[in-house]
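Spelled out from the first residue to the last, the chains are:
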Amino acid sequence: MFDNLSLKLEKAFQTLKGQGSITEINVASTVKEIRKALIDADVNFKVAKEVTDEIKEKALGQDVLTAISPGQLLIKITNDELTTLMGGQSEDIRIEGSPAIILIAGLQGSGKTTFSGKLANYLKKQGRQVLLTACDIYRPAAIDQLKVLGEQVGVEVYAEPENKDAVKIAKAAIEHAKKNNHRVVIVDTAGRLAVDEEMMNEIARLKDALKPSETLFVVDSMTGQDAVNTAKAFNDRLDFNGVVLTKLDGDSRGGAALSIRRVVEKPIKFISTGEKMEAIDRFYPDRMASRILGMGDVISLVEKAQMAYDEEEAKRLSKKIRKNQFDFNDFLQQLEQVKKMGNMKDLLSMIPGMGKAMKGVDIDDNSFKPIEAIIRSMTMAERENPDIINGSRKNRISKGSGRSVQEVNNLLKQFNDMRKLMKTMNKMGGGKRALSALN
Ligand code: GDP
């Protein structure tokens, strides 16, 4: 996410390296580089100029403390400015009414249906009773797609494939929700390939009739400035409450994320970074700024882990670790949990300093495949008690998994080291403390 921008900004700050103070001259050249980086990232020209003028003014107005270098000071100021640009505070969605209605609008292919599934999953994990409603009356495939997603996340989907009146379907869904104790109704609507009158009329009619507590506009961030223009067109007609930026995993520029708020004056509320149902995050301007500047985002990483981890499972696991019973079956389950957390590269880039290190490195779910293959080639007895894995067993596991004996050895060694560490932690009592934090 935003790799190119991060790299260019880093280069811009390097122009201040070795400078003892901030002067009119050295700041001017750094700010020029920052502006270029923003424009290259497809940030609206006017917005880029406003932001960099502000950065310059603030930098010149501040005394550099001896503890921080001019470069660090400028990074801090840029961080603050990018945060402000993206809206300052994070804004939550409004879930009001019984049931609360959330209307999802956007162009076809922007990721509306996928997001509807993700939002249902997200709200369900908060303990809410959710109903998904398929109101795309033009594409029967869209109804099926929503049904598949609903099943995947365990949320009921209301659909009337024969009905061609979106308002009637949505109203029937709301009645259904009232009768069946659903507290939130998410309405997925039809989109078109481009903004057109008919689509706008339909979605406006839905909004008037349903009076949703929240109307979210979903837009593909990879379309850059087009995303901003489409947002403007939808907002002029719909006056929506918030923006959902999708496909940020494929967007290395970031122009939409950086300009949409300033141009449309509506907050970004969620971002989507992959096709999996867990690849959804609430949008925090400060955390995003920090990621853009290569400073990582540990808070989001921890939150993602909490969302992916099943509480019961975490308890069961901590018990096993405390009793020194952690085995390869647990290890395999851990891998599954990590994979559920979403795009691996994106996750790793949330660790401070990792963003740059990850550039050009290809890490995805397949990176775990060799490890999984090895573990799956073990018998249950071997998984539960790896100590019995002798030479001939290693050969068999190597053949079964299609990996070398060396790789099997490496995995066994890593696993043993991990177990030793757990044992030591248990002895010190630290493990208990760390693990109870997990519970
Ligand atoms: P809709 O027409 O607006 O309902 O769009 P869909 O939900 O059908 O999404 C269009 C395509 O984009 C599908 O192939 C999705 O799997 C994909 N997609 C949606 N969100 C994301 C995302 O955040 N990242 C990536 N990489 N793909 C996405």
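The name given to the chain in an unreviewed UniProt entry is Signal recognition particle protein, with the source organism recorded as Chryseosolibacter histidini. As recorded by UniProt, the Subcellular location (unreviewed entry) comment attached to the chain reads in full: "Cytoplasm". The Subunit (unreviewed entry) comment attached to the chain in UniProt states, word for word, "Part of the signal recognition particle protein translocation system, which is composed of SRP and FtsY."

## Thoughts on the overall build of the chain
Tallying secondary structure elements over the chain gives 21 helices and eight strands in all. Here the chain, with 439 residues, has 40% of them falling under the buried criterion. Within the chain, contacts between residues separated by at least 24 positions form 75% of all contacts whose residues are at least 6 apart in sequence.

## Looking at the site of the ligand
The immediate surroundings of the ligand are formed by 19 residues, with Gly 111, Lys 112, Thr 113, Thr 114 and Ser 272 found nearest. Examining the composition of the shell around the ligand, we find that three residues originate from one element, helix 5 (residues 112-125), more than from any other. The residue makeup of the shell around the ligand, split by class, is one nonpolar, 14 polar and four charged.

## As for the nonpolar core
Counting residues in hydrophobic clusters, the biggest one holds 96 residues, and the most contacted among them are Ile 102, Ile 186, Val 187 and Phe 217. Split by domain, the residues of this core number at least three in each of domain 1 (3-85) and domain 2 (100-294). Discounting residues that sit within four places of it in the chain, Phe 217 has contacts with Ala 105, Gly 106, Ala 231, Phe 234, Phe 240, Val 243 and Val 244. Ranked by size, the runner-up nonpolar core spans eight residues in total, among them Phe 328, Ile 371, Ile 397 and Val 408.

## Focus: unusual backbone geometry
Along the chain, Ser 98 connects to Pro 99 via a cis peptide bond; the corresponding omega equals 0°. As for its position among the elements, Pro 99 is in the loop between helix 4 (70-85) and strand 1 (100-106). The phi dihedral of Asp 42 falls on the positive side, at around 75°, and the residue is not glycine. As for its placement among the helices and strands, Asp 42 is situated in the loop between helix 2 (24-40) and helix 3 (45-60). In this structure, Lys 247 takes a positive phi of about 60° despite not being glycine. Structurally, the position occupied by Lys 247 is in the loop between strand 6 (242-246) and helix 10 (255-264).

## Digging into the pairing of strand 1
Burial runs high along strand 1: seven of the seven residues are buried. With burial as the criterion, each face of strand 1 is covered, one bearing Ala 100, Ile 102, Ile 104 and Gly 106 and the other bearing Ile 101, Leu 103 and Ala 105. With five bridges connecting them, strand 1 and strand 4 (residues 184-189) associate as parallel partners. The partner of Ala 100 across the bridge, within strand 4, is Val 184. Inspection of the sheet shows strand 1 paired to strand 5 (residues 214-220) by five bridges, in the parallel sense. Within the sheet, the bridge partner assigned to Gly 106 lies in strand 5 and is Val 218.

## Notes on the environment of Leu 206
Tracing the backbone through its elements, the reader meets Leu 206 in helix 8 (residues 197-210). Distance in space between the C-alpha atoms of Leu 206 and Cys 135 is 9.7 Å, their sequence separation being 71 residues. With residues up to four places along the chain from it excluded, the contact list for Leu 206 reads Leu 103, Cys 135, Ala 166, Val 167, Ala 170, Val 187 and Thr 189.

## Description of the UniProt feature "domain: SRP54-type proteins GTP-binding" (unreviewed entry) in the chain
Here, UniProt's "domain: SRP54-type proteins GTP-binding" (unreviewed entry) annotation points to residues 267-280. Helix makes up 0% of residues 267-280 and strand 43%. Its end C-alpha atoms lie 16 Å apart.

## Quick notes on the sheet that holds strand 3 (residues 156-158)
What the eight strands build is an open sheet, ordered 3-2-4-1-5-6-7-8; its pairing is mixed. Both edges of this open sheet fall to strand 3 and strand 8 (280-282), since each of them pairs with a single strand only. Each neighbouring strand pair of the sheet contributes to a mean axis angle of 25°, computed without reference to strand direction. In this structure, strand 6 lies alongside strand 7 (residues 268-272), joined through three bridges in parallel fashion.

## Some words on the packing of helix 5 against helix 6 (residues 140-153)
Where helix 5 meets helix 6, the closest approach of the two axes is 9 Å, and the angle between their N-to-C directions is 25°. Judged by the angle between their axes, helix 5 and helix 6 are roughly parallel. In this structure, helix 5 meets helix 6 at a crossing whose hand is right-handed. From helix 5, Thr 113, Ser 116, Gly 117, Ala 120, Asn 121 and Lys 124 reach across to helix 6, where they touch Ala 142, Gln 145, Leu 146, Leu 149, Gly 150, Gln 152 and Val 153. In terms of residue class, the contact of helix 5 with helix 6 is made up of five nonpolar, seven polar and one charged.

Each value, and the rule that gives it
Residues numbered from 1 in each chain as written. Predicted model: local features only at pLDDT ≥ 70, side-chain atom pairs only at ≥ 80, totals over all residues. UniProt positions renumbered as here; feature names shortened; annotations may be inferred. Helix = DSSP H or I, 4+ residues; strand = E, 2+ residues; numbered from the N terminus. Buried ≥ 20, exposed ≤ 12 C-beta atoms within 10 Å, placed from the backbone. Contact = placed C-beta atoms within 7 Å. Near = placed C-beta within 6 Å. Nonpolar A, V, L, I, M, F, W, Y, C, P; charged D, E, K, R; others polar. Core = buried A, V, L, I, M, F, W, Y, C linked by C-beta atoms within 7 Å. Domains from an automatic or database assignment. Pairing = 2+ DSSP bridges. Axes fitted to C-alpha atoms, helices over the stretch in contact; angles between N-to-C directions. Parallel < 35°, antiparallel > 145°, perpendicular 65-115°, else oblique. Left-handed = near helix turned anticlockwise from the far one by under 90°.

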